[in-house]
Amino acid sequence: ILKAADDGRLTVTEAVAPPEPTGATLNSRSETNLRGVHADLVNVVRRAAELSPVAFTVIEGLRTVERQRQLVGQGASKTMNSRHITGHAVDLVPHRADGKIAFDWPLYHKLAPAMKQAAADLGVSLVWGGDWRGFPDGPHFELDRKKYPG
């Protein structure tokens with residue numbers, strides 16, 4: 001906890017440790033939604049589940065062209081050239097402390113570093129949609145097109 005002194009300086013009055021990794025495994029819904037996803041990305045997601053300070057669920061992996069067309073029509077996606085169609089992308093949603101899933105940016109900022117660390121640990125080039133300009137997509141993680149052309 002930071003405390004302001006009379007002269008305006010901030011001092012640490014109590015150190016707070018960063019959140020601990022959950023060491024969790026993926027739930028059955030996540031494992032089902034990883035079917036058809038590129039093996040390197042599956043391994044990253046599984047490793048991230050061990051590293052992440054928040055639990056998460058894989059809500060989408062491989063998509064059909066019809067499903068992608070539906071999402072574009074709803075405005076939930078901007079392209080028919082989605083990496084989901086080739087199995088090179090997943091959408092993840094973190095869980096709040098009460099266990100419910102939540103599309104909350106603060107939670108994505110806890111989950112994304114675990115995904116990036118898992119990818120680095122495994123030597124996999126990963127792109128997070130939350131880093132995109134114009135249409136940031138917190139749930140979206142995909143294999144880099146340069147290393148994994150679809």
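Heads up: the structure comes first, above all this text.
Calculation criteria
Residues numbered from 1 in each chain as written. Predicted model: local features only at pLDDT ≥ 70, side-chain atom pairs only at ≥ 80, totals over all residues. Heavy atoms only, no water. Helix = DSSP H or I, 4+ residues; strand = E, 2+ residues; numbered from the N terminus. Contact = heavy atoms within 4.5 Å. Polar contact = N/O pair within 3.5 Å; in protein donor to acceptor, adjacent residues only side chain to side chain. Buried < 20%, exposed > 50% of the residue type's maximum accessible area, 1.4 Å probe, protein only. Pairing = 2+ DSSP bridges. Salt bridge = Lys/Arg side-chain N within 4 Å of Asp/Glu carboxyl O. Expected span 1.5 Å × (residues − 1). Arc of directions from axis to C-beta. Core = buried A, V, L, I, M, F, W, Y, C linked by side-chain atoms within 4.5 Å.

## Overview of the environment of T79
Alright, step 1. Here T79 is to be found in the loop between α3 (65–74) and β4 (89–94).
Alright, step 2. Taking C-alpha positions, T79 is 8.1 Å from Q68, a pair spaced eleven residues apart along the chain.
Alright, step 3. Each residue touching T79, except ones within four places of it in the same chain, is listed here: Q68 and V72.
Alright, step 4. A polar atom in the side chain of T79 sits 2.8 Å from the backbone nitrogen of N81.

## A short note on the side chain of H88
Alright, step 1. Examined against the element boundaries, H88 turns out to sit in the loop between α3 and β4.
Alright, step 2. When its relative accessible area of 9% is taken as the criterion, H88 is described as buried.
Alright, step 3. Here T86 takes part through its side chain, which lies 2.7 Å from a polar atom of the side chain of H88.
Alright, step 4. Those residues in contact with H88 that sit more than four places away from it in its chain are H38, L41, R83, F141, E142, L143, Y148, P149 and G150.

## Examining the pairing of strand β6 (residues 140–143)
Two faces make up the sheet, and in a regular strand the side chains alternate between them.
Alright, step 1. Every second residue of β6 is oriented toward a common face, with H140 and E142 on one face and F141 and L143 on the other, all of them buried.
Alright, step 2. The pairing of strand β5 (residues 126–128) with β6 spans three bridges and is antiparallel. The residue bridging W128 from the neighbouring strand is F141, located in β6.

## Description of the pattern of salt bridges
Alright, step 1. In total, this model carries eight salt bridges according to the counting rule given.
Alright, step 2. One salt bridge in this structure joins D131 and K116, with 2.8 Å as the shortest N-O distance. Within this pair, whereas D131 is found in the loop between β5 and β6, its partner K116 is found in helix α4 (residues 105–122), the two being separated by 15 residues in sequence.
Alright, step 3. For D131, a relative accessible area of 46% gives the class partly exposed.
Alright, step 4. On the basis of relative accessible area, K116 is assigned to the partly exposed category, the value being 38%.
Alright, step 5. A network of salt bridges, in which partner residues are shared, links E60, R63, R67 and D91.

## Examining helix α2 (residues 39–51)
Alright, step 1. With 13 residues, α2 ought to run about 18 Å at 1.5 Å a step, and its terminal C-alpha atoms sit 19 Å apart, in line with that.
Alright, step 2. Turning to α2, its buried residues number three or more, namely L41, V42, V44, V45, A48 and A49. Around the axis of α2, the buried residues are gathered within 160° of arc, so they sit on the same side.
Alright, step 3. Its buried side turned inward, α2 meets β3 (56–60), β4, α4, β5 and β6.

## A closer look at the nonpolar core
Burial of nonpolar side chains together is a common tendency in soluble globular proteins.
Alright, step 1. Core analysis: the largest hydrophobic core is formed by 30 residues, its most contacted members being L34, V45, F56, V90, L92, M115 and F141.
Alright, step 2. At the level of elements, α2, β3, β4, α4, β5 and β6 are the ones that each hand at least two residues to this core.
Alright, step 3. The greatest single-element share of this core, amounting to seven residues, is contributed by α4.

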